[in-house]
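One letter stands for each residue in the lines below.
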Amino acid sequence: SQQGEEDPQALSIQEGENATMNCSYKTSINNLQWYRQNSGRGLVHLILIRSNEREKHSGRLRVTLDTSKKSSSLLITASRAADTASYFCATDAGNTGKLIFGQGTTLQVKP
Amino acid sequence: GAVVSQHPSWVICKSGTSVKIECRSLDFQATTMFWYRQFPKQSLMLMATSNEGSKATYEQGVEKDKFLINHASLTLSTLTVTSAHPEDSSFYICSAGEGAVEKLFFGSGTQLSVL
């Protein structure tokens, strides 16, 4: 399987704290994307980082990419209860739209 | 933003019947759509790439005769689970890209339960 790994598998924090999730992948990539999934729902695209980028910000989200280590991290600052969801990284090796998803991190933010 | 509509949201069927799931791009044309399945508390696994006007490309291990994909127009792809069995019970989700495929939009998914 080409699927990557994410850690932690589950994360529980208090509202206001920061949440960091890590993703590792196995093959060369064109870009890496992070998605959010609420229970039983579709995916929402959060942020995309290209292979020639090292860091990207979007609102309370900060993504880093280390292609030498084949890893990425997603930081959610000042978390809110509404951030409770599963978060997945996904890699696109050839800019084809075919995504290989990581195992996901389940985040619980307690009010 | 672009919207992908998936229907139905959930379906319960008897073993041996076939189920069709639709994926529509509502306000853009999608020459390529993707189908994934997701088991409970697991990640998404790519099943196939749906190409408008041509045959779908299936991932290794996915039975093309079991999971029929038709992409007859630039806004509609369908996945038919033929002769469904309980092990086919899963969450099926489609995605489509608007223009460049860097940004993909996902449908809301279909929960299939086969009794």
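Residues numbered from 1 in each chain as written. Chains lettered and ligands numbered in written order. Predicted model: local features only at pLDDT ≥ 70, side-chain atom pairs only at ≥ 80, totals over all residues. Heavy atoms only, no water.

(A) Geometry of the overall build of chain A. The secondary structure content of chain A amounts to zero helices and eleven strands. Taken from N to C terminus, the helices and strands of chain A fall in the order β-β-β-β-β-β-β-β-β-β-β. Along the longest, intermediate and shortest principal axes, the C-alpha atoms of chain A span 40 × 30 × 20 Å. Put simply, chain A has 111 residues, and 44% of those count as buried. Accessible surface, chain A: about 5,300 Å² in total, of which carbon and sulfur atoms supply 44%. Averaging the locations of the 13 positively and 10 negatively charged side chains of chain A gives two centres separated by 4 Å. (Helix = DSSP H or I, 4+ residues; strand = E, 2+ residues; numbered from the N terminus. Buried < 20%, exposed > 50% of the residue type's maximum accessible area, 1.4 Å probe, protein only. Areas by Shrake-Rupley, 256 points an atom, 1.4 Å probe, with all protein chains shown as cover. Lys, Arg positive; Asp, Glu negative; His and termini not counted. Charge placed at Lys NZ, Arg CZ, Asp CG, Glu CD.)

(B) Layout of the pairing of strand β8 (residues 76-81) of chain B. All names here are of chain B. For β8, a buried count of six out of six residues is recorded, marking the element as mostly surrounded by other parts of the structure. Pairing analysis gives six bridges linking strand β3 (residues 19-25) to β8, with the strands arranged antiparallel. From the neighbouring strand, Lys20 faces β8, where its bridge partner is Thr80. Between strand β7 (residues 67-73) and β8, which pair antiparallel in sequence order, lie two residues. (Pairing = 2+ DSSP bridges.)

(C) Spatial organisation of the sheet that holds strand β8 (residues 71-76) of chain A. All names here are of chain A. What the five strands build is an open sheet, ordered β1-β3-β8-β7-β6; its pairing is antiparallel. Every other strand in the sheet has two partners, leaving β1 (5-7) and β6 (55-58) as the edge strands with one partner each. For this sheet, the mean angle separating the axes of adjacent strands, direction not counted, is 15 degrees. Examined bridge by bridge, strand β7 (residues 61-66) and β8 share six bridges and lie antiparallel to one another. Bridging from a neighbouring strand, Thr64 pairs with Ser73 of β8. (Axes fitted to C-alpha atoms, helices over the stretch in contact; angles between N-to-C directions.)

(D) Quick look at unusual backbone geometry. Omega for the peptide link from Asp7(A) to Pro8(A) comes to -5 degrees, which places this bond in the cis form. Mapped onto the secondary structure, Pro8(A) falls in the loop between β1 and β2 (10-14). For the bond running from His7(B) to Pro8(B), omega is 5 degrees, close enough to zero to count as cis. Checked against the element boundaries, Pro8(B) lands in the loop between β1 (4-7) and β2 (10-13). Positive phi, close to 45 degrees, is recorded for Ala78(A), a residue that is not glycine.

(E) How the structure looks around the nonpolar core. Membership of the largest hydrophobic core comes to 25 residues, with the highest contact counts inside it found for Val4(B), Trp35(B), Phe67(B), Ile69(B), Leu79(B), Tyr92(B) and Leu112(B). Only β2, β3, β4 (32-38), β5 (44-51), β7, β8, β9 (90-97) and β11 (110-114) of chain B provide two or more residues apiece to this core. Judged by nonpolar contacts, the second largest core, of 20 residues, contains Ile13(A), Tyr25(A), Leu32(A) and Leu65(A). (Core = buried A, V, L, I, M, F, W, Y, C linked by side-chain atoms within 4.5 Å.)

(F) Layout of the pattern of salt bridges. All names here are of chain A. All told, the structure shown has six salt bridges over all chains when counted by the stated rule. Between Lys56 and Glu53 there is a salt bridge, with its nearest N and O atoms 3.8 Å apart. On the basis of relative accessible area, Glu53 is assigned to the partly exposed category, the value being 22%. For Arg62, the salt bridge identified is with Glu55, shortest N-O distance 3.1 Å. (Salt bridge = Lys/Arg side-chain N within 4 Å of Asp/Glu carboxyl O.)

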